[in-house]
Amino acid sequence: MSSRIFLSFPHLSGNEMKWIDKAFQDNWVVPLGPNVDEFERLLGSYLGKDNTVVALSAGTAALHLGLVMLGIKAEDEVICQSLTFSASANPIAYLGAKPVFVDSEPDTWNMSPEALEEAIIDRKKVTGQYPKAIIPVHLYGMPAKMNEIMDIANKYGIPVLEDAAEALGSEYKGERCGTLGKYGALSFNGNKIITTSGGGALICPGPDEAKRTKFLATQAKEPMPYYYHKEIGYNYRLSNISAGIGCGQMQVLSEHVARRRAIHDLYTKLLEGVKGIHVMQNPSKDFNSNFWLTTISFDRQLNINPEDLRLALEEKNIESRWIWRPMHMQPVFNNAPYYGGNCAEDIYNNGLCLPSGSNLTDDDIQRTADAIIDFFTQRK
Ligand SMILES: *Cc1c(COP(=O)(O)O)cnc(C)c1O
């Protein structure tokens with residue numbers, strides 16, 4: 001059996017232990033510490049947003065605190081892209097707030113500006129209030145149509161929290177994803193562009209908001225000689241050990257992004273002639289995806305069940321994954337309002353995520369492409 005090709009696997013630089021050893025030597029085996037400060041500094045500098053990045057225990061924690069910073073409370077409505085991972089929407093429920101899901105558009109697979117505005121106008125009619133926040137997602141690294149989304153958000157005075165968990169290194173009109181809305185959330189889970197084993201970050205509008213986010217993330221302890229609390233806090237800071245891994249990963253972030261893009265280019269070339277398959281592409285020069293995952297879609301008239309292709313790849317020891325199942329199709333969000341048509345559902349039913357880890361070789365990509373071509377040839 002050929003060796004297994006994974007979807008997206010941790011890819012270490014080899015230097016991570018340097019920071020971890022230092023943490024052990026100095027006994028900084030705690031949340032917070034010099035590695036956390038350094039990791040935040042490196043991220044801020046990479047994103048062009050110094051002193052605004054707060055390292056946290058997970059991307060989910062970043063989204064949760066982002067909503068807290070926006071003042072979201074129980075019963076508030078929050079608009080969220082439907083085609084995403086559940087962690088985009090769960091933090092809305094943590095706060096007792098109500099998700100309102102919005103369809104995608106075909107160019108980016110991300111939030112449809114038209115469906116967004118329809119949702120805003122209709123929620124105002126139904127509840128008498130505009131929704132309190134908007135969460136667009138840069139799914140698989142592809143930037144959402146942020147100009148259009150920000151124009152609508154600003155028109156109605158609704159703040160935007162970007163879910164950039166999959167999009168570290170992606171750019172929209174030359175600006176880094178995660179810095180385009182009021183707040184932005186990043187993830188450093190094991191399968192993301194860089195990993196801290198588990199972790200995330202909230203990108204804040206300025207140093208004051210970053211300071212307050214850190215305060216909330218460390219149990220909202222007031223500066224008193226005894227424990228004194230005026231607000232509900234969270235235990236969401238990144239550990240100094242995990243941040244050490246992050247510092248090592250920052251050395252190779254640009255290389256990892258370049259490699260993911262090269263893998264995408266290779267898939268594009270290898271699958272070019274195959275009728276009925278389309279490799280997802282940047283819709284224009286304004287979009288520069290990190291191609292965290294390369295995805296394909298199938299011509300609808302072929303009526304391909306993604307599970308058949310997934311199993312055909314699995315037989316050759318290649319891991320692939322269904323497109324994320326939209327939130328409005330999840331039992332847990334059965335009662336949430338949904339705006340738009342069937343774009344997200346259609347993408348879900350007619351596509352697949354391909355192995356895209358930055359440690360995959362050109363031969364791995366070739367083997368995967370060959371397996372896809374075999375599948376399509378045998379179907380005829
Ligand atoms: C991974 C992911 C998250 C959550 O990040 P964690 O670090 O795993 O908590 C949120 N949104 C999207 C779109 C993700 O892919």
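Preceding this section is the structure that the text describes.
Conventions used here
- Residues numbered from 1 in each chain as written.
- Predicted model: local features only at pLDDT ≥ 70, side-chain atom pairs only at ≥ 80, totals over all residues.
- Heavy atoms only, no water.
- Helix = DSSP H or I, 4+ residues; strand = E, 2+ residues; numbered from the N terminus.
- Buried < 20%, exposed > 50% of the residue type's maximum accessible area, 1.4 Å probe, protein only.
- Contact = heavy atoms within 4.5 Å.
- Areas by Shrake-Rupley, 256 points an atom, 1.4 Å probe, with all protein chains shown as cover.
- Lys, Arg positive; Asp, Glu negative; His and termini not counted.
- Charge placed at Lys NZ, Arg CZ, Asp CG, Glu CD.
- Phe/Tyr/Trp six-rings, centres within 6.5 Å; stacked < 30°, edge-to-face > 60°.
- 1 Å grid on protein atoms, 1.4 Å probe; cavity = no way out; pocket = protein on both sides within 12 Å on 5 of 7 lines; lining within 4 Å.
- Points joined across faces, edges and corners; volume = space filled by probe spheres on them.
- Domains from an automatic or database assignment.

Q: Sorry, what's going on with the overall build of the chain here?
A: A tally of regular secondary structure across the chain gives 12 helices and 14 strands. Principal-axis analysis of the C-alpha atoms places the extent of the chain at approximately 75 × 60 × 35 Å. In the chain, which comprises 380 residues, the share counted as buried stands at 56%. Put simply, of all contacts in the chain between residues at least 6 apart along the chain, 72% involve residues at least 24 apart. In the form shown here, the chain has an accessible surface area of approximately 16,200 Å², with 50% of it arising from carbon and sulfur atoms. Of note, the chain has its 37 positive side-chain charges centred 3 Å away from the centre of its 45 negative side-chain charges.

Q: Honestly, the packing of aromatic side chains in this entry has me stumped. Any pointers?
A: Working definition: an aromatic ring pair is given by the centre-to-centre distance plus the angle between the planes. Counted according to the given criterion, the structure contains 13 aromatic pairs. Between tyrosine 140 and tryptophan 324, the aromatic rings sit 4.9 Å apart at their centres with planes inclined by 70°, giving edge-to-face as the arrangement. Taken together, the positions of tyrosine 140 in the loop between strand 4 (133-135) and helix 6 (146-156) and tryptophan 324 in the loop between helix 10 (306-315) and strand 13 (338-339) put the pair 184 residues apart, joining distant regions of the chain. Taken individually, tyrosine 140 and tryptophan 324 each receive the classification buried, so the pair is uniform in this respect. Ring geometry for tryptophan 292 against tryptophan 324: centres 6.3 Å apart, planes inclined by 75°, an arrangement best described as edge-to-face. Taken as a pair, tryptophan 292 in the loop between strand 11 (287-288) and strand 12 (294-298) and tryptophan 324 in the loop between helix 10 and strand 13 lie far apart in primary sequence, 32 residues in all. Given the relative accessible area of 11%, tryptophan 324 is considered buried. Here a set of aromatic residues connected by ring pairs shows up, and it is made of Trp109, Tyr140, Trp292 and Trp324.

Q: Looking at this structure, how should I read unusual backbone geometry?
A: Glycine aside, residues mostly have negative phi, and peptide bonds are mostly found in the trans state. The phi angle at tyrosine 140 is positive, at roughly 60°, despite the residue not being glycine. On the accessibility criterion, tyrosine 140 (3% relative accessible area) is buried. Positive phi is not limited to glycine here, since glutamine 219 has a value of about 70°. Residue class for glutamine 219 comes out partly exposed when judged on its relative accessible area of 34%.

Q: Help me understand the layout of surface pockets, please; the structure alone is not making it clear to me.
A: Where empty space is left becomes clear once a probe the size of a water molecule has been rolled over the atoms. Of the voids in this model, the largest pocket is the one considered here, and its volume is about 350 Å³. Along the wall of the largest pocket there are 24 residues; nearest its centre are Phe85, Ala87, Ser187, Asn189 and Lys192. The element that contributes the greatest number of residues to the lining of the largest pocket is helix 3 (residues 59-69), accounting for three residues. When residues of the lining of the largest pocket are sorted by domain, at least three fall in each of domain 1 (16-252) and domain 2 (254-379). Put simply, the second largest pocket is a space of about 160 Å³. Forming the boundary of the second largest pocket are Asp37, Glu40, Arg41, Asp50, Asn51, Thr52, Val53, Pro207, Ala210, Lys211 and Lys214. The element contributing the most residues to the lining of the second largest pocket is helix 7 (residues 207-217), with four residues.

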